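Structural overview
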Amino acid sequence: MWWAGSFAAVALVAGLSYCCTARVVLWFVTLAGASATTVALASGGTPDQVAGVAFLAAGLSAAGWALGRSARIRGARRRAFAAYASGAAAVPGLAAEAERHRLAADLHDTAAHRLTGIMIGASSALHVRDDRLTAEAGAHAVREGRLVVAELTRLTALDPRADHVHLADLDTLVAGWPEHGVSYRRDAEYAPPPIAALAVRIVREALTNSRRHAPDAPVEVLVRGHGGRLVVTVTDHGRGGAFDAGSGCGLAVLRAEIAAAGGSLEAGPEAGGWRVRAVLPLGDGGPRPGRWWSEHVRNWAPVVLGVGIPVGGLMVPDPGDVPLLAQELALLVPLLILHALPLRWHVARPIPALAATLSLYPLIELARLSGWPITPGGDLVLWCGWIELIMVYGIGVARGPRGVLAPLAVSSAMGAALAWGPGIIGNRFAAWAVLSAFALVPVGIAWAAGVLLAARRARRRDGAAARHGRLRERAELAERARVAARLRATALRHAEALVAAGDDLPVVAARSRAALNALRDLLGELRRPADDDPPPCLAGIDALAVRRGVLVTSVGERRQMHGAVEATAFWAARELLGHDAPLTVTYLPEGVELSAPAGRATRRLRAVAEAAGGAVSARGAQVRVWLPA
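It should be emphasised that the depicted structure is a prediction, and the values quoted were computed from it without experimental measurement.

Before going further, it helps to examine the packing of helix 15 (residues 428–489) against helix 16 (residues 491–501). Running from amino to carboxyl end, helix 15 crosses helix 16 at an angle of 35°, the nearest separation of the two axes being 3 Å. Residues Arg-486, Leu-487, Arg-488 and Ala-489 of helix 15 form the contact with helix 16, whose participating residues are Ala-491, Leu-492 and Arg-493. Class assignment of the residues belonging to the contact of helix 15 with helix 16 gives a composition of 4 nonpolar, no polar and 3 charged.

Put into structure tokens, the structure is as follows:
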């Protein structure tokens, strides 16, 4: 019997799909299908039989592909999730490192700038020995010193909510700015806290540099929300001046952080002054990735399976069976295709796909009542009812208990198709109730299996995410406490003494220099990257890029994903960052995409992506990796 050979073919394709990349499997099944069709044609088969062999080869290949890829993806996800969970021990170090970099940026943007201005002003006044300049330098030192004390006190606070920045903080920043002549307008109401924090840093940095290079010039600050972007513009109308990048912490670092958030920064002369313009994303998700050929394979493989095996089995009968007539095939084949076609959307749109499949049964009955010699719907249930089971299982995974009506609808539709078939006599409504109850057993089992699987995945994902979150919070708090203790013992103590000195410029100059030196020492320590490898997660990509000196740009709203996806994305990023090329990470609702100008895609990169259900595309010098969520 040809069924024995069919099972062997499925097993072979499944084994190849589990061990090999998609390209290898695609070449194999194409060659095998062409060979089988050629053999059938050479052996004198009828056109129906040759076509049946082609259908059957396609269906068996799709079945083997589905089994092999499913097993491979499940194994890869288990290993990736285990790596993600075992990386919990390294999460505190990663969180502490990220907190150090955040604190370093905040210290540079606030206290370090002001202390530099105080020291320069006091030293200049001491050298010039002008009474007016001395009085101005003393007043400036007291005013700026109080702001330094307030900023350092804020940074030494251990309340994490103090770092939750909103756009309204821009109002406070500009209103409390010591210089007058700042024109301010904001028409954006909301931005994610990381974007709002960047906006505050941009305005603060621009105002500080404007005061340094054009102290008496009017300044305009405009913050607008437009087209899913936050546009921050700061323009001074004096002689202008660029960001001070001499310390390595000005324009270059701020531009890199803005780029890492998916934005851009421009700074340059503008009509006799200086303009700083930043464009920041508001979490619109960025561009959608292009369609991958492997994604088409995943979407269409169930359809090929649902059409190929039933049609091939009917067109290639066993010896002794009566072959179907051409008229019967002409009506049956389109029916089977229409029944299986909604499988193309059973993952993306499970409810409409199931509704389209079930709507075929009443259409069949209407056609039969109209006199068409069409196959009864009950026969379709017996031949291809497993298609509805796949859809119900998918609804259980996607919607959980909320999809409870799906198994009821499917069992009712199946029962009706069987009850109104030609072989039923007596009360058809009673038969409908009995047959629906029988159909509900396998349908309910399929739906319950999907619900339980989704719940199990959610528990594992949320449990690991909660553990990582707690570890991060503890590490961030511990690092903040350590830095706060250092600040209180050094820079904050000197700043308070500076304010207490009043107009005693020698003391002011000495204290500001001591505070600035203490901050520089602390900044050098905070920016020192760790030596150990970061844990395999999305946050670890940023840490890995810092260690290798590579820029990472994030597009879209950053969020936590399933641990297996995060670990796989980290491994893919490690392969891409090995080329010392900038990396772009695009966050999308349906997954994450990584791209880099890294030349050819390595075999290991393809294996990592495809084992997780993703794909790799290398066009020109750009390599893109797609990982579904």
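With that settled, consider the packing of aromatic side chains. Aromatic rings in a pair are described by how distant their centres are and how their planes are angled relative to each other. Enumeration according to the criterion identifies 5 aromatic pairs in this entry. Judged by centre distance (5.3 Å) and plane angle (90°), the rings of Trp-420 and Phe-429 are edge-to-face. Judged by relative accessible area, which is 29%, Trp-420 ranks as partly exposed. Of the residues examined, Phe-429 reaches a relative accessible area of 55% and is grouped as exposed. Among the aromatic residues, ring-to-ring pairing joins Trp-420, Phe-429 and Trp-432 into one connected group. Its guanidinium or amino end placed over the ring of Trp-65, Arg-69 lies 4.9 Å from that ring's centre, counting from NZ or CZ.

Across the sheet, which stays open at both edges, the 5 strands sit in the order 1-2-3-5-4 with mixed pairing between neighbours. A single partner strand is all that each edge strand has here, and the edge strands are strand 1 (182–186) and strand 4 (264–270). Each adjacent strand pair in this sheet contributes to an overall mean axis angle of 10°, direction not counted. Where strand 4 meets strand 5 (residues 273–281), 7 bridges bridge the pair, whose relative direction is antiparallel. The residue bridging Pro-269 from the neighbouring strand is Trp-274, located in strand 5. Most of the contacts of helix 6 (residues 168–175) go to strand 1, to which it runs at about 170°, and overall it touches strand 1 and strand 2 (219–226).

This next bit is on the pairing of strand 3 (residues 229–236). Taken across its 8 residues, strand 3 has 7 buried, putting it largely inside the fold. Pairing analysis gives 8 bridges linking strand 2 to strand 3, with the strands arranged antiparallel. Looking across to strand 3, one finds that Val-223 is bridged to Val-232. The loop that links strand 2 with its antiparallel partner strand 3 comprises 2 residues; one of these, Gly-227, has a positive phi angle of about 55°.

At a minimum axis distance of 9 Å, the contact between helix 5 (residues 131–156) and helix 16 shows a crossing angle of 150°. As summarised for this structure, helix 5 and helix 16 are arranged roughly antiparallel, according to the angle between their axes. Note on packing geometry: the crossing formed by helix 5 with helix 16 is left-handed. From helix 5, Ala-141, Val-142, Gly-145, Arg-146, Val-148, Val-149, Leu-152 and Thr-153 reach across to helix 16, where they touch Ala-491, Leu-492, Ala-495, Glu-496, Leu-498 and Val-499. Split by residue class, the contact of helix 5 with helix 16 holds 10 nonpolar, 2 polar and 2 charged.

Taking 1.5 Å per residue as the helical rise, helix 14 (residues 405–419) with its 15 residues ought to reach 21 Å, and the 21 Å between its terminal C-alpha atoms agrees with that figure. What helix 14 keeps buried is the set Ala-406, Pro-407, Val-410, Ser-411, Ala-413, Met-414, Gly-415, Ala-417 and Ala-419. Considering only its buried residues, helix 14 is in contact with helix 11 (350–358), helix 12 (360–369), helix 13 (377–399) and helix 15.

Our next topic: a positive patch on the surface. On the surface, Arg-74, Arg-78, Arg-79, Arg-456, Arg-457, Arg-459 and Arg-460 cluster together into a positively charged patch. Mapped onto the positive patch, the elements with two or more residues apiece are helix 3 (47–86) and helix 15. Counting residues per element, the positive patch draws most heavily on helix 15, at 4 residues. Mapped onto the secondary structure, Arg-74 falls in helix 3. The class of Arg-74 is partly exposed, set by a relative accessible area of 45%.

Cut-off values and rules
Just so you know, the residues in each chain are numbered from 1, in the order the chain's sequence is written. In keeping with the model being predicted, local features are shown solely for residues with a pLDDT of at least 70 and side-chain atom pairs are shown and tallied solely at 80 or more, while totals for entire chains, interfaces and linings include all residues. Side-chain measures were taken over the full set of non-hydrogen atoms in the model, leaving aside hydrogen atoms and water. Angles run from 0 to 180 degrees between N-to-C directions of axes, and those axes are lines fitted to C-alpha atoms, restricted for helices to the stretch in contact. Only runs of H or I of at least four residues qualify as helices and only runs of E of at least two qualify as strands under DSSP, and these elements are numbered from the N terminus. The contact definition used throughout considers only heavy atoms, calling two residues in contact when any of these lie within 4.5 Å. Residues were grouped as follows: Ala, Val, Leu, Ile, Met, Phe, Trp, Tyr, Cys and Pro as nonpolar; Asp, Glu, Lys and Arg as charged; and all remaining residues, including Gly, as polar. Pairing of aromatic rings covers Phe, Tyr and Trp, the last through its six-membered ring, and needs centres within 6.5 Å; plane angles under 30 degrees mean stacked, over 60 mean edge-to-face, and all others mean tilted. Accessibility here uses a 1.4 Å probe with only protein chains present; expressed as a share of the type maximum, an area under 20% marks a residue as buried, one over 50% as exposed, and anything in between as partly exposed. Note on geometry: a ring has a charge over it if NZ (lysine) or CZ (arginine) is within 6 Å of the ring centre and within 35 degrees of the ring normal. Any two strands with at least two DSSP-identified bridges between them are counted as paired. Comment on the angle field: the value is read as roughly parallel under 35 degrees, roughly antiparallel over 145, roughly perpendicular from 65 to 115, and oblique elsewhere. Two helices cross in a left-handed way if the nearer one is turned anticlockwise from the farther one by less than a right angle. They cross in a right-handed way if the turn is clockwise. Under the convention used throughout, the expected extent of a helix is 1.5 Å for every residue step, that is, one less than its residue count. Patch construction takes residues with relative accessible area above 30% that form no salt bridge. Like charges are linked within 9 Å, and nonpolar side chains (Val, Leu, Ile, Met, Phe, Trp, Tyr) are linked within 5 Å. Each accessible area is a Shrake-Rupley estimate made with a 1.4 Å probe; only the visible protein chains count as cover when residues are assessed. When a carboxyl oxygen of Asp or Glu is within 4 Å of a side-chain nitrogen of Lys or Arg, the pair counts as a salt bridge. In this tally Asp and Glu are treated as negative and Lys and Arg as positive; neither His nor the chain ends contributes. Where a charge sits is defined by one atom per residue type, namely NZ (Lys), CZ (Arg), CG (Asp) or CD (Glu).

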